Amino acid sequence: HGMCHAVLHSRNVCLIYSGTLCIQACSPSFHGEKSFVCKDRTWRMFTDACTNLDVQSLFQPGDGAKYFGADDSGRSNCQADFSCIVPEILSSPAIPGNIADIVELLQKISLMLLEDVNRGKMQSFSKIANHILNSSVISNWAFVKDKNASSTLLDSVNLFAGKLLLRNGSENIQERFISTKGFSIHQNASGKSFDFSMELNQTNTVSGHVVIPEEELQKLPKTSKAISIAFPTLGAIMEASHLDPVSVNGMVLSVSLPEELQHILLTFEKVNKLENVGAQCVGWHSTERRWDHKACKMKSNNISSVVCMCKHRRRTFRSFSILMSPTLLRNAVLDYITCVGLGLSIFSLILCLVIETTVWHHVTRTEITYMRHFCLVNIAMSLLIADILFIVAAVVHNAALNYRLCVAATFFLHLFYLALFFWMFTLGLLILYGLLLVFFKITRSVFIVTAFLIGYGCPLVIAVLTVIITEPKNGYLRSGACWLNWYETKALLAFAVPALSIVAVNLAVVVVVVVKTPRPSIGESCKSHDLSNMIRISKNVALLTPLLGLTWGFGLATVVDSHSLAFHVTFALLNAFQVNSVSLSIGLLP
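Report on the accompanying structure. What you see is a predicted model; the values in this text were computed from it and never measured. (Residues numbered from 1 in each chain as written. Predicted model: local features only at pLDDT ≥ 70, side-chain atom pairs only at ≥ 80, totals over all residues. Heavy atoms only, no water.)

Considering the overall build of the chain
Scanning the chain for helices and strands turns up 16 helices and 16 strands. Classification of the 590 residues of the chain by burial places 45% in the buried group. Within the chain, contacts between residues at least 6 apart in sequence are counted, and of these 69% link residues at least 24 apart. For the chain, the exposed surface amounts to about 28,800 Å²; the carbon and sulfur share of it is 61%. (Helix = DSSP H or I, 4+ residues; strand = E, 2+ residues; numbered from the N terminus. Buried < 20%, exposed > 50% of the residue type's maximum accessible area, 1.4 Å probe, protein only. Contact = heavy atoms within 4.5 Å. Areas by Shrake-Rupley, 256 points an atom, 1.4 Å probe, with all protein chains shown as cover.)

Regarding the state of the cysteines
Going through the model one piece at a time under the given rule, you end up with four disulfides. Between the sulfur atoms of C26 and its disulfide partner C50 the distance amounts to 1.8 Å. Because the torsion about its S-S bond is -95°, the bridge between C26 and C50 counts as left-handed. Taken together, the positions of C26 in the loop between strand 1 (21-25) and strand 2 (33-39) and C50 in the loop between strand 3 (42-48) and helix 2 (65-68) put the pair 24 residues apart, joining distant regions of the chain. An identical accessibility class is assigned to C26 and C50; each is buried. Residue pairing for C296: its cysteine sulfur links by disulfide to C310, the two sulfurs lying 2.1 Å apart. Between C296 and C310 the sulfur-sulfur dihedral comes to about 110°; the bridge is accordingly right-handed. Of this pair, C296 sits in strand 14 (residues 296-301) while C310 is found in strand 15 (residues 305-311), placing the two residues 14 residues apart along the sequence. Taken individually, C296 and C310 each receive the classification buried, so the pair is uniform in this respect. (Disulfide = S-S within 2.5 Å.)

Looking at the packing of aromatic side chains
With the rule as written, the count across this model stands at 15 aromatic pairs. Between Y417 and F495, the aromatic rings sit 6.2 Å apart at their centres with planes inclined by 65°, giving edge-to-face as the arrangement. Of the two residues, Y417 is situated in helix 11 (residues 403-436) and F495 in helix 13 (residues 493-515); the sequence distance between them amounts to 78 residues. Each of the two residues, Y417 as well as F495, counts as buried. Measuring from centroid to centroid gives 5.6 Å for W483 and F495, while their planes differ by 75°, and the two rings are edge-to-face. Residue W483 is found in the loop between helix 12 (444-470) and helix 13, and its partner F495 is found in helix 13; the two are separated by 12 residues along the sequence. On the basis of relative accessibility, which here comes to 10%, the residue F495 falls in the buried class. Within the aromatic cluster, the residues linked to one another by ring pairs are W360, Y370, F374, W423, F447, F452 and Y456. The lysine or arginine in question, K147, covers the ring of F46, its NZ or CZ lying 5.8 Å from the ring centre. Taking the ring centre of F196 as reference, the NZ or CZ of K181 above it sits at 4.9 Å. (Phe/Tyr/Trp six-rings, centres within 6.5 Å; stacked < 30°, edge-to-face > 60°. Lys NZ or Arg CZ within 6 Å of the ring centre and 35° of its normal.)

Focus on the pattern of salt bridges
Counting across every chain of the model gives 10 salt bridges. In this structure, the salt-bridge partner of R176 is E199, at a minimum N-O distance of 2.5 Å. Residue R176 is found in the loop between strand 4 (170-174) and strand 5 (179-185), and its partner E199 is found in strand 6 (residues 192-199); the two are separated by 23 residues along the sequence. For R176, a relative accessible area of 43% gives the class partly exposed. Several salt bridges converge on common partners, so that one network encompasses E288, R290, D292 and K294. (Salt bridge = Lys/Arg side-chain N within 4 Å of Asp/Glu carboxyl O.)

In short, the description is geometric, and any link to function would need to be established separately.
Right, here's the structure in full:
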């Protein structure tokens, strides 16, 4: 502790403590501790649990009784609305440690005072929550020790507000950063709605709209109540707490409805109204503490707002919002390249397979040519099936069809894209076999069995394990597409790691081919020697680069700088070139 204290208060940067955590006590007026992590040779704050509140005392005998118990005469004191604790809470700074304590306080209140939540109690509860939802303290949430504190706060508010009693059939409790509305609903009522327009920060406001469809109201057996809560800043707070790569692009809207009502219509005004960012309708899965795109379906989307149809489930989905991806590139050039390249690829692959079928007996007379064309045909088949499945996956996603159908499309897409790489790996091994193992002969039957085990067996094992491990946690699919998840479960690594590893191995194969390029005949001059070598090397590299999938290595550039349109266009063009070059090679080479 002393060494950490000395380092943190010196001008020296952390050179030998990389990855370690230093703990430091708070200043005398606070209790708790701070932790720092060494990153980029600099000590950076990791958590801050310093607090000057004593929340525990409010729920213990003695002083706590004055807030939630009874006095000596047996009369309830502060039980009606617990407003007497509000000044103490609001006078405390909304630092990370205090935020954590206030979240804990609100959670205990929501669990203890579930019955008869009147207007006074809801007002006190909202004022306390508003204090830590203020836009000026969003950055402090990043240093709260419990990274699920924002989720706990959301659950506590939903639970407490769901018990709100309605006066004369309606209620409206408004704070700057939390608004609660409710009204009575019955079977014969027309579609009911909640409208919210709230302050996002000192210069901007954001709006939201909740509609209970009339056909849903017909399901009500008796008069019931509907409660909705709006949080303009909670999305940014969740982002700061979880360091999630996707951003909430509207207010968070919660609803508390009778069990009979299962669908609601929500309209979210976008915070970021740029044209090149995508939008996704999502629900907050309260059990798994994550945004889930399966809870909602997008009805419409324009530059300023999104309309979502969402499933209301009291145990899981009660809060909803929209997400945006800050790295999503929607560009007409990319769309055009993708469509044209995919069309040409499918046409070329079908053509080359027809040519292979026609000339098969003429080009496979020797063992080595048979093995080579066997690999090339399987590369073409894997590419063709993967291209077709790519279209199927896009159609399934855009048509918002069955979730299981999307899982199936993703599984087979994953399988055949992996098969493509493993067959290119097999071809690379075959090239090495032909160059290095001149005196070792492999039989055709042994080669076929080995090639099938590598080309289809390995991808099948990886694809099956991926779906078995991630799907039970609903982490197989990524949000907004029929493809492998990245942000929650990193399922995409089951494709990226094998693919890039094979690209690296095949790059080494190309280097070996270049080194082993045959020298020209003895009678050639030095200039003709150099020219001949250059031509041979260029031909080998030009042929092997697409055949061995090296163009996929350029995909790393889109990861390093995902905002760069140039990288995305280059990657799309190179892979379109790869598919058509493979097709040309299969169809024309002897």
